[in-house]
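Chain by chain, the residues:
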Amino acid sequence: MTAQTIRETSQASRVGPATVGISVNGLTHRFGAGRQATLALQNVQLDIAPGEFHCLLGPSGCGKSTLLYLIGGFIPVQEGTIRTARGAVTRPGVDRGIVFQNFALFPWKTVRQNVLYGMENLGVAKAEREARAADLLAMVKLEKFANHYPSQLSGGMQQRAAIARTLAIEPDILLMDEPFGALDAQTRSVMQEELISIWQRTGKIIVFVTHDVQEAVLLGDRISVMSARPGRIETIVSCDFNREKGSPVRRAGEFAEQVQHLSALMHQQALT
Ligand code: ADP
Ligand code: MG
């Protein structure tokens, strides 16, 4: 394990406020009240830089989705703060787009209509939204399937359509909750490559939830390893070598070392 490839950053070396894309401070979250309450997150501290691909990695039930939905503004903050470049997060906003595991497309709309939907709501002019939809469908390689309904597509194609639909509203931040979890291994691998290429082209912040160590190491600039419930950020691991995403280096020793290192951390979490 070399110092260049793996840097475990302490809270003291967090990204400063001037460069913050997302800043989570003292975030604690409970479901329910009284003795029945579930403490899902406890004092989460996390700063994500502009343009960063950040993975949230942890065992099932550790609060990954809760943290993601809080950042999205889909559930209200109880204790602590979340800030983005646009200020404190208090509700959903068009600066934050989300992609779920189960695709969540409108089944009664075609692929093209699904992609157009958010832009219509935002009042984007017709010519502009048609052009943007065409570009996005080309980007996710679905231009030939624009007039198909979701039920006519494979899982991988549906998820590409869901990603295009979310990108159409031009969010600064893309939140992804185990988006490839329901796909077969081969489709998943293709989708991971495509997501890296979309991220490289758009420069967005991506916050990507996964419980799969290999997926986290493959995709993340940095990986937050979360503890078992109540969820806290145990460690943040940097994967410098991932800057060269297309490079075969990630199939080589450094990749395997990083996977092994994180698997050991995950194992500890499962035992504590
Ligand atoms: P993960 O995504 O890491 O699997 P979640 O964020 O979904 O974990 O859940 C964290 C904890 O909070 C779990 O114990 C889960 O049962 C609980 N939880 C999540 N959502 C709710 C809810 N709406 N009501 C009650 N408990 C919930
Ligand atoms: Mg989840």
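Residues numbered from 1 in each chain as written. Chains lettered and ligands numbered in written order. Predicted model: local features only at pLDDT ≥ 70, side-chain atom pairs only at ≥ 80, totals over all residues. Heavy atoms only, no water.

## Digging into unusual backbone geometry
Here comes step 1: At N43, a position not held by glycine, the phi torsion is positive, near 50°.
Here comes step 2: Inspection of the secondary structure assignment puts N43 in strand 3 (residues 38-48).
Here comes step 3: One non-glycine residue, E178, lies in positive phi territory at about 45°.
Here comes step 4: One can find E178 in the loop between strand 8 (173-177) and helix 5 (185-202).
Here comes step 5: Judged by its relative accessible area of 15%, E178 is buried. (Helix = DSSP H or I, 4+ residues; strand = E, 2+ residues; numbered from the N terminus. Buried < 20%, exposed > 50% of the residue type's maximum accessible area, 1.4 Å probe, protein only.)

## Section: the sheet that holds strand 2 (residues 22-31)
Here comes step 1: On the basis of which strands lie adjacent, the open sheet formed by four strands has the order 3-2-5-6 and antiparallel pairing. Unpaired on one side and paired on the other, strand 3 and strand 6 (87-88) mark the two borders of the sheet.
Here comes step 2: Bridge analysis of strand 5 (residues 79-84) against strand 6 gives two bridges, and the strand direction is antiparallel. Directly across from T84, in strand 6, lies its bridge partner G87. (Pairing = 2+ DSSP bridges.)

## Things to note about the side chain of T110
Here comes step 1: Turning to its location among the elements, T110 is positioned in the loop between strand 7 (96-99) and helix 2 (111-122).
Here comes step 2: Setting aside chain neighbours within four positions, we find T110 in contact with A146, N147, H148 and Y149. (Contact = heavy atoms within 4.5 Å.)

## Regarding the site of ligand 1
Here comes step 1: As a matter of local geometry, ligand 1 sits amid F31, T38, A40, P59, S60, G61, C62, G63, K64, S65, T66 and R229.
Here comes step 2: Here an oxygen atom of ligand 1 sits 3.2 Å away from a polar atom, N or O, in the main chain of C62.
Here comes step 3: Between ligand 1 and T66 there is a distance of 2.5 Å, counted from an oxygen atom to a side-chain nitrogen or oxygen.
Here comes step 4: For ligand 1, the protein covers 61% of the area, taking 570 Å² as the surface of the free molecule.
Here comes step 5: Going through the elements one at a time, strand 3 and helix 1 (64-72) are the ones with two or more residues in the shell around ligand 1.
Here comes step 6: Here the shell around ligand 1 takes three residues from helix 1, the largest share from any one element.
Here comes step 7: Along the lines of polarity and charge, the residues of the shell around ligand 1 split into four nonpolar, six polar and two charged. (Near = heavy atom within 4 Å. Polar contact = N/O pair within 3.5 Å; in protein donor to acceptor, adjacent residues only side chain to side chain. Areas by Shrake-Rupley, 256 points an atom, 1.4 Å probe, with all protein chains shown as cover. Nonpolar A, V, L, I, M, F, W, Y, C, P; charged D, E, K, R; others polar.)

## Observations concerning the pattern of salt bridges
Here comes step 1: A full pass over the atoms with the stated rule returns 13 salt bridges.
Here comes step 2: Across the pair E79 and R30 runs a salt bridge, and its minimum N-O distance is 3.8 Å. Here E79, found in strand 5, pairs with R30, found in strand 2; they are 49 residues apart in sequence, far enough to count as distant.
Here comes step 3: Between E130 and R112 there is a salt bridge; the shortest N-O distance is 3.0 Å. Here E130, found in helix 3 (residues 126-139), pairs with R112, found in helix 2; they are 18 residues apart in sequence, far enough to count as distant.
Here comes step 4: Accessibility expressed as a relative area gives 25% for E130, which makes it partly exposed.
Here comes step 5: Classification of R112 by relative accessible area gives partly exposed; the value is 27%.
Here comes step 6: One network of salt bridges, in which partners are shared, links R112, K126 and E130. (Salt bridge = Lys/Arg side-chain N within 4 Å of Asp/Glu carboxyl O.)

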